[in-house]
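# Report on the structure
One letter stands for each residue in the lines below.
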Amino acid sequence: MALLTDDQLAAFVEEHSAWETEGDNIVRTFEFADFVEAMGFVTSVALKAEKASHHPDIDIRWNQVTLRLSTHSEGGLTTKDTELAAEVDSLA
């Protein structure tokens, strides 16, 4: 799978401005009312990630969930990352 070009990545971030680039990752932190709501979100993300066979790094801090996406096997960002990020946006 090909890595995203700079133009493809810029277009994604422009359309999904809550996501930021951090090295070879795209990163977003989501905030919820409480821990239970945050965990419900994580479960929903897990189901989408499993279906896509692409799994984010997930950091859970009480009511905040930070997702990091990168295609480790390709050494950077691919459409697998941006497609899953867009799906996750629909959950928030």
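Residues numbered from 1 in each chain as written. Predicted model: local features only at pLDDT ≥ 70, side-chain atom pairs only at ≥ 80, totals over all residues. Heavy atoms only, no water.

### Things to note about the side chain of Ser70
The line we're drawing: For the purposes of this entry, the term helix denotes a DSSP run of H or I that reaches at least four residues, the term strand denotes a run of E that reaches at least two, and both are numbered from the N terminus. Three exposure classes are used, based on accessible area relative to the maximum for each residue type with a 1.4 Å probe and protein chains only: buried under 20%, partly exposed in between, and exposed over 50%. Counted as a polar contact is a pair of N or O atoms within 3.5 Å, where, for protein atoms, one must be capable of donating a hydrogen and the other of accepting one, and residues adjacent in sequence contribute only when both atoms are in side chains.
If you trace the backbone, Ser70 turns up in the loop between strand 4 (64-69) and helix 3 (79-89). Given the relative accessible area of 7%, Ser70 is considered buried. A polar atom in the side chain of Ser70 sits 3.4 Å from the backbone oxygen of Gly76.

### Details of the packing of helix 2 (residues 35-52) against helix 3
Selection criterion: The axes are straight lines fitted to the C-alpha atoms, using for helices just the contacting stretch, and the angles between their N-to-C directions are given from 0 to 180°. The sense of a crossing depends on the near helix, which, turned anticlockwise from the far helix by less than a right angle, makes the crossing left-handed and, turned clockwise, makes it right-handed. Contacts were defined at the residue level, with two residues in contact if any of their heavy atoms lie within 4.5 Å. When residue character is reported, Ala, Val, Leu, Ile, Met, Phe, Trp, Tyr, Cys and Pro are called nonpolar, Asp, Glu, Lys and Arg charged, and the others, Gly included, polar.
Remark: helix 2 packs on helix 3, axes separated minimally by 10 Å, with the N-to-C direction vectors making an angle of 145°. Taken as a pair, helix 2 and helix 3 cross one another with a handedness that is right-handed. Along its contact with helix 2, which presents Phe41, Val45, Lys48, Ala49 and Ala52, the element helix 3 presents Lys80, Leu84, Glu87 and Val88. Within the contact of helix 2 with helix 3, the residues separate by chemical class into six nonpolar, no polar and three charged.

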